[in-house]
Every structure is written in C-alpha cells, then in structure tokens.
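A closer look at the structure
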Amino acid sequence: MYTVTKRIEISASHSLKLSYESKCSNVHGHNWIIHVTVQSEELNADGMVMDFTHIKKTVMQLDHAHINDILGDINPTAENMAKWICDRIPGCVRVSVQESEGNVAVYER
C-alpha cells in the first residue's frame, strides 16, 4: 500500500449553526492547517499515488473564502470540512483539519 500526505495552510472564515449560544455563531476566521492522506495499492503511470497539486487544488477552493458559501447546507464545523474534503479526493483515507492550536478534527474512511 502506498500512502501520501499533503499539508496545506489556508485562511478562511465561517460561522457555525449551533443549537446553543456561542460566539462561534458569528462570522470569524482561522488560519487552518489541513493534512490530506491518500492511499493506493498501485502507483499511477507517472509513479505516484496522486500528484500533490491535485490534492492542493481541492483544498484551495476554501482558501480566502467564506466556507459557509462553499459547503452550502453543511454546517462548516472542522469535522464536516474534513469529510467534505475527503469526499472530493479519490483514494483519500484521512483528513485532519486544525482550526487553531490544540483544536483538530479528523475524518477517516
């Protein structure tokens, strides 16, 4: 099994839709650190699991954006962002989304 992991930093805003009162319901931003892990049993014709730029292209849709606008009806929590990213990258098995120091959400397939 081959595995590659790409680390990407983005800046983006969001506001959470919560069932309780929270300052996170207001529009605010983070400097996110995202790790995307892709696996494959075999390498492609270029000798890669996946070109790192293809991983980056998917994640960079969120850079300098209001994440609510990108995710639509999905509440833009770090957990939901991780799954959203994973669902869009073939062979993706793990995405971690760090929204601030000490706060990391992980989605694994």
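Residues numbered from 1 in each chain as written. Predicted model: local features only at pLDDT ≥ 70, side-chain atom pairs only at ≥ 80, totals over all residues. Heavy atoms only, no water.

Per the counting criterion, the structure on display carries 4 salt bridges. Between E9 and R7 there is a salt bridge whose closest N-O contact spans 2.7 Å. On the basis of relative accessible area, R7 is assigned to the partly exposed category, the value being 43%. A salt bridge links D87 to R109, with the nearest nitrogen and oxygen atoms 2.8 Å apart. In this pair, D87 sits in helix α3 (residues 78-87) while R109 sits in the segment after β4 (103-108), placing the two residues 22 residues apart along the sequence. Counted as one network, the salt bridges with shared partners bring together K83, D87 and R109. (Salt bridge = Lys/Arg side-chain N within 4 Å of Asp/Glu carboxyl O. Buried < 20%, exposed > 50% of the residue type's maximum accessible area, 1.4 Å probe, protein only. Helix = DSSP H or I, 4+ residues; strand = E, 2+ residues; numbered from the N terminus.)

Examined against the element boundaries, E9 turns out to sit in strand β1 (residues 2-14). Once you skip the residues sitting within four places of it in the chain, E9 turns out to touch W32 and I33. There is a polar contact of 2.7 Å between the side chain of E9 and the side chain of R7. (Contact = heavy atoms within 4.5 Å. Polar contact = N/O pair within 3.5 Å; in protein donor to acceptor, adjacent residues only side chain to side chain.)

It is worth spelling out the pairing of β4 at this point. Inspection of the sheet shows strand β3 (residues 92-100) paired to β4 by 6 bridges, in the antiparallel sense. Each residue of the ladder has a partner; that of S100, found in β4, is N103. Connecting β3 to the next strand, β4, in antiparallel fashion are 2 residues, including G102 with a positive phi near 90°. (Pairing = 2+ DSSP bridges.)

Turning our attention to the sheet that holds strand β2 (residues 28-40). Taken in spatial order, the 4 strands of this open sheet run β1-β2-β3-β4, and their pairing is antiparallel. The open sheet has two edge strands, β1 and β4, and neither has a second partner. Strand-to-strand, the axes of this sheet are offset by a mean angle of 15°, without reference to chain direction. Of the pairings in the sheet, the one linking β2 to β3 comprises 6 bridges and is antiparallel in character. Opposite I33, over in β3, you have Q98 as the bridge partner. In this fold helix α1 (residues 52-59) packs onto β1 and β2, with an angle of close to 25° to the strand it touches most, β1. Against the sheet, α3 makes contact with β2, β3 and β4, and its axis sits at roughly 145° relative to β3, the strand it touches most. (Axes fitted to C-alpha atoms, helices over the stretch in contact; angles between N-to-C directions.)

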